[in-house]
Amino acid sequence: MTSASADIRTYRQERPKERHGFVQIVLPVSGRLRIDVAGRQDELSTGRGVFIHRDAPHTQEATASNHSLVVDIDESAVSEQTLERFARVPFLDIAPDTRQLIAYMRDLIKIDGRRDDVAGIWAPLLVDSLATEKADIRQRLRKLSAVVRAEPFFPWTIEMLAACVTISDSRLHALFLEEFGLPPHRWLTGLRMDKVCTLLSESSLPIAEIALRAGFSDQTALTRAMRNTVGETPATYRRNRGIH
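Bear in mind the structure is a predicted one, so any value in this text is a computation, not a measurement.

**A short note on the layout of surface pockets**
Inference 1: The calculated volume of the largest pocket comes to roughly 200 Å³.
Inference 2: In terms of lining residues, the largest pocket is bounded by Leu-108, Ile-111, Asp-112, Glu-151, Phe-153, Phe-154, Pro-155, Lys-195, Leu-199 and Arg-213.
Inference 3: At the level of secondary structure, the elements contributing two or more residues to the lining of the largest pocket comprise helix H2 (96-112) and helix H7 (184-202).
Inference 4: Take the lining of the largest pocket: its biggest share by element is 3 residues, from H2.
Inference 5: Class assignment of the residues belonging to the lining of the largest pocket gives a composition of 6 nonpolar, no polar and 4 charged.

Next comes the structure, spelled out in structure tokens:
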């Protein structure tokens, strides 16, 4: 398997005891789910998840209609400290900032289906947040920036970015200026425009569709933004690069 994968699953009835050759994290996004991990039992909900070690026997049974974000991670990608922590207590409470990360991947999967490329970047942020390992704030910002670079068209907000790094909006603003030389909203705008330009030059997608994917209300809004930031309209940019 790749370093990490994530998808949405529904559990409808008790399943036979399972073991996996990787770490698995189950995070309900709706409903409830009873699970037994190596003899320890608990009920999962949107505020409670579970960290299942490699080769740990486990069974699960739905106690209500449910959907869970299930994350599979290569054990080598998880720190020894985290593995030891969850060996003692596999069940975990989900903090508000962690819910922001969960919501991001849940919404991305709903839109695009399984995205292992993004999951491989996103999973370390999730594990850090679940384990409350207070890594250096700049390291957390770099991890988050890699996630955003991978999917700049996701409807990120400044509040969401700050919550993912567990700092205030004002601290995020100062940190972005120090690390990237730009405030976060301009940094986001630049990433999205770079992705727009890539799609214009490397794909045959209609400009109106690219505008909607990038979060603009219509093609006119994208045209106005590109003229201001790039100095060309989308049609001119595409034509000048030989795409017709």
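Here the narrative resumes.
**Side note on the side chain of His-20**
Inference 1: By the secondary structure assignment, His-20 is in the loop between strand S1 (4-9) and strand S2 (23-30).
Inference 2: Beyond its immediate sequence surroundings of up to four residues, His-20 is in contact with Arg-54, Asp-55 and His-58.

**Some points on the sheet that holds strand S6 (residues 58-62)**
Inference 1: Taken in spatial order, the 3 strands of this open sheet run S4-S3-S6, and their pairing is antiparallel. Of all the strands in the sheet, just strand S4 (40-44) and S6 have a single pairing partner and so form its edges. Along the sheet, successive strands turn relative to each other by an average axial angle of 15°, direction set aside.
Inference 2: Strand direction decides the pairing type here: strand S3 (residues 33-37) and S4, joined by 5 bridges, are antiparallel. Note that in S4 the partner of Ile-35 across the bridge is Asp-42.

**Points about helix H5 (residues 158-165)**
At 3.6 residues per turn, the α-helix brings residues three or four places apart onto the same side.
Inference 1: Here H5 lies mainly inside the structure; 6 of its 8 residues are buried.
Inference 2: Residues of H5 that are buried: Met-160, Leu-161, Ala-162, Ala-163, Cys-164 and Val-165.
Inference 3: In this structure, the buried residues of H5 make contact with H2, helix H4 (137-150), helix H6 (169-180) and H7.

**Quick look at the pattern of salt bridges**
Inference 1: Counting across every chain of the model gives 18 salt bridges.
Inference 2: A salt bridge links Asp-117 to Arg-115, with the nearest nitrogen and oxygen atoms 2.9 Å apart.
Inference 3: For Glu-151, the salt bridge goes to Arg-115, with nearest N and O atoms at 2.9 Å. One end of the pair, Glu-151, is in the loop between H4 and H5; the other, Arg-115, is in the loop between H2 and helix H3 (116-131), and 36 residues separate them in sequence.
Inference 4: Take Glu-151: its relative accessible area is 9%, and that puts it in the buried class.

**With respect to the packing of aromatic side chains**
Inference 1: For the coordinates displayed, the defined rule picks out 7 aromatic pairs.
Inference 2: Geometrically, the ring pair formed by Phe-176 and Trp-187 is edge-to-face, given 5.1 Å between the ring centres and 65° between the ring planes. With Phe-176 in helix H6 and Trp-187 in helix H7, this pair connects stretches of sequence that are 11 residues apart. For the residue pair Phe-176 and Trp-187, the accessibility class agrees, reading buried in each case.
Inference 3: Through pairs of rings, three or more aromatic residues link up here, namely Tyr-104, Phe-154 and Trp-156.
Inference 4: Above the ring of Phe-153, the side-chain terminus of Lys-195 is found at 4.8 Å from the ring centroid.

**Re the sheet that holds strand S7 (residues 67-73)**
Inference 1: In spatial order, the strands read S1-S7-S2-S5-S8; together these 5 strands make up an open sheet with antiparallel pairing. Two strands close off the open sheet at either side, each with one partner strand: S1 and strand S8 (91-93). For this sheet, the mean inter-axis angle between neighbouring strands, taken without regard to orientation, is 20°.
Inference 2: Relative to S7, S1 is paired through 6 bridges, and the arrangement is antiparallel. Of the residues in S7, the one forming a bridge with Asp-7 is Val-70.
Inference 3: Those strands touched by H3 are S1, S2, S7 and S8, and its axis lies near 85° from that of S1.

**Looking at unusual backbone geometry**
The phi angle of most residues is negative, glycine excepted, and most peptide bonds adopt the trans form.
Inference 1: Unlike most non-glycine residues, Ala-38 shows phi in positive territory, near 50°.
Inference 2: Inspection of the secondary structure puts Ala-38 in the loop between S3 and S4.

What counts, and at which threshold
Residues numbered from 1 in each chain as written. Predicted model: local features only at pLDDT ≥ 70, side-chain atom pairs only at ≥ 80, totals over all residues. Heavy atoms only, no water. 1 Å grid on protein atoms, 1.4 Å probe; cavity = no way out; pocket = protein on both sides within 12 Å on 5 of 7 lines; lining within 4 Å. Points joined across faces, edges and corners; volume = space filled by probe spheres on them. Helix = DSSP H or I, 4+ residues; strand = E, 2+ residues; numbered from the N terminus. Nonpolar A, V, L, I, M, F, W, Y, C, P; charged D, E, K, R; others polar. Contact = heavy atoms within 4.5 Å. Pairing = 2+ DSSP bridges. Axes fitted to C-alpha atoms, helices over the stretch in contact; angles between N-to-C directions. Buried < 20%, exposed > 50% of the residue type's maximum accessible area, 1.4 Å probe, protein only. Salt bridge = Lys/Arg side-chain N within 4 Å of Asp/Glu carboxyl O. Phe/Tyr/Trp six-rings, centres within 6.5 Å; stacked < 30°, edge-to-face > 60°. Lys NZ or Arg CZ within 6 Å of the ring centre and 35° of its normal.

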